[in-house]
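Each chain is listed here by its residues.
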Amino acid sequence: MTARNFREYLAENRLPTIWCPGCGNGIVLKAIAGAFADLGLDRRKTAAVSGIGCWGWADDYLAVNAFHGTHGRALAFATGIKLANPELTVVVLMGDGDGATIGGNHLIHAARRNVDLTAVVVNNYNYGMTGGQYSGTTPRGSITSTSPLGHVEDPFDLCALTAAAGAPFVARGSVCGGENLRALIRRGLEHRGFSFVEAASVCPTHFGRRNGLRTAVEAFSWLRDHSLSRKRAAGLSEEELHGKQVLGVFADRQSEDYGTRYRKAAEALRGEGESS
Ligand SMILES: Cc1ncc(C[n+]2csc(CCOP(=O)(O)OP(=O)(O)O)c2C)c(N)n1
Ligand code: SF4
């Protein structure tokens, strides 16, 4: 494996992106291209599968095979793509609305099945593309276009959710630490089985603006001030951790992936057929 330059994995002819100035998406895009480069992935054997949303546009900017599916269904398409062509490295790009709200059921079942995919969910705490409605990860008390009085629900902790559903590799990084995010995505890609990497991010245009963060710099500062490492989080009470993003690796274990088990079962059946 030869490390390459991250630019080789960017479709530079499509830049600049359509994303708002100050959006966190660009940092995650660079982290993914960087992780591909670190592993020297063959672009013809790499596929990016996305759903719908601002982040769902990301596959357009990656110089690898791409499939742009429907909202909430990226993991279903990605599962089919990986099973049909196990040689592919498949990365699945979803927002928190896409991957964890409308697509929440696909997320927990992909984790449980342990399909060999790397899911990168950009969590910007709202539906960016459609005007900033609340999603399954919007923090309690936040103002969104559909919670003008302050959101009354508690959010999913996506890492706890996917780890509990059985994902063998689970991690959370942040757009305030692009290099760390790159390393987590690289580890996810290297891990055989379902890897879930959450990128805590910012949507200054909707979530930021409605919550008193007047500029992208203020939105990034908010995220930085509300994030802490697992080490620092250890020992803090639930109340102290309320509204905080805990960054780190939450699961890292080996478990035979779905495709391998499926192929073994099919081969065993074929063997029985030949001997009878
Ligand atoms: C089945 C379906 N329902 C709703 C929509 C409208 N829609 C498009 S993008 C989106 C939300 C995207 O939010 P998220 O996944 O968090 O991504 P972001 O835009 O924040 O990156 C919605 C509701 C759709 N395209 N298809
Ligand atoms: S609306 Fe939000 S998520 Fe979408 S591009 Fe703009 S800042 Fe990014």
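Residues numbered from 1 in each chain as written. Chains lettered and ligands numbered in written order. Predicted model: local features only at pLDDT ≥ 70, side-chain atom pairs only at ≥ 80, totals over all residues. Heavy atoms only, no water.

Draft legend 1. Expanded view of the sheet that holds strand β3 (residues 89-95). One open sheet holds the eight strands; their spatial order is β2-β1-β3-β4-β6-β5-β8-β7, and the pairing between them is mixed. The open sheet has two edge strands, β2 (65-68) and β7 (227-229), and neither has a second partner. Neighbour to neighbour, the strand axes of the sheet diverge by 20 degrees on average, direction disregarded. Summarising the sheet, strand β1 (residues 46-50) and β3 pair through five bridges and their orientation is parallel. Of the residues in β3, the one forming a bridge with T46 is T89. The strands that helix α2 (residues 74-84) touches are β1, β2 and β3; relative to β3, the one it contacts most, it runs at about 175 degrees. On top of the sheet, helix α5 (residues 158-165) reaches β4 (118-123), β5 (169-174), β6 (195-200) and β8 (245-252); it is set at about 170 degrees to β5, its chief contact. (Pairing = 2+ DSSP bridges. Helix = DSSP H or I, 4+ residues; strand = E, 2+ residues; numbered from the N terminus. Axes fitted to C-alpha atoms, helices over the stretch in contact; angles between N-to-C directions. Contact = heavy atoms within 4.5 Å.)

Draft legend 2. Spatial organisation of the UniProt feature "domain: Thiamine pyrophosphate enzyme TPP-binding" (unreviewed entry) in the chain. In this structure's numbering, the residues bearing the UniProt feature "domain: Thiamine pyrophosphate enzyme TPP-binding" (unreviewed entry) are residues 60-198. End C-alpha to end C-alpha, residues 60-198 measures 20 Å, and it is 35% helix and 19% strand. (UniProt positions renumbered as here; feature names shortened; annotations may be inferred.)

Draft legend 3. Here's a closer look at the nonpolar core. The biggest cluster of nonpolar side chains holds 43 residues, and the ones touching the most others in it are V28, I32, F36, W55, L62, L93 and I185. Elements with a contribution of two residues or more to this core: α1 (25-39), β3, β4, β5, α6 (178-190), β6 and α8 (216-225). It is α1 that provides the largest number of residues to this core, a total of nine residues. Once residues lying within four places of it in the same chain are set aside, the contact partners of V28 are W55, V120, V122, V175, L181 and A199. A47, A100, A111 and V121 belong to the second largest nonpolar core, which has 25 residues in total. (Core = buried A, V, L, I, M, F, W, Y, C linked by side-chain atoms within 4.5 Å. Buried < 20%, exposed > 50% of the residue type's maximum accessible area, 1.4 Å probe, protein only.)

Draft legend 4. A look at the environment of T205. Residue position: T205 is located in helix α7 (residues 204-210). As for T205 and T215, which are separated by ten residues in sequence, their C-alpha atoms are 8.6 Å apart.

Draft legend 5. View of the pattern of salt bridges. The tally for this structure, following the rule as stated, stands at 19 salt bridges. A salt bridge links D38 to R186, with the nearest nitrogen and oxygen atoms 2.5 Å apart. Pair noted here: D38 is in helix α1 and R186 is in helix α6, with a separation of 148 residues, a long-range link. A salt bridge links K82 to D116; its shortest N-O distance comes to 3.5 Å. (Salt bridge = Lys/Arg side-chain N within 4 Å of Asp/Glu carboxyl O.)

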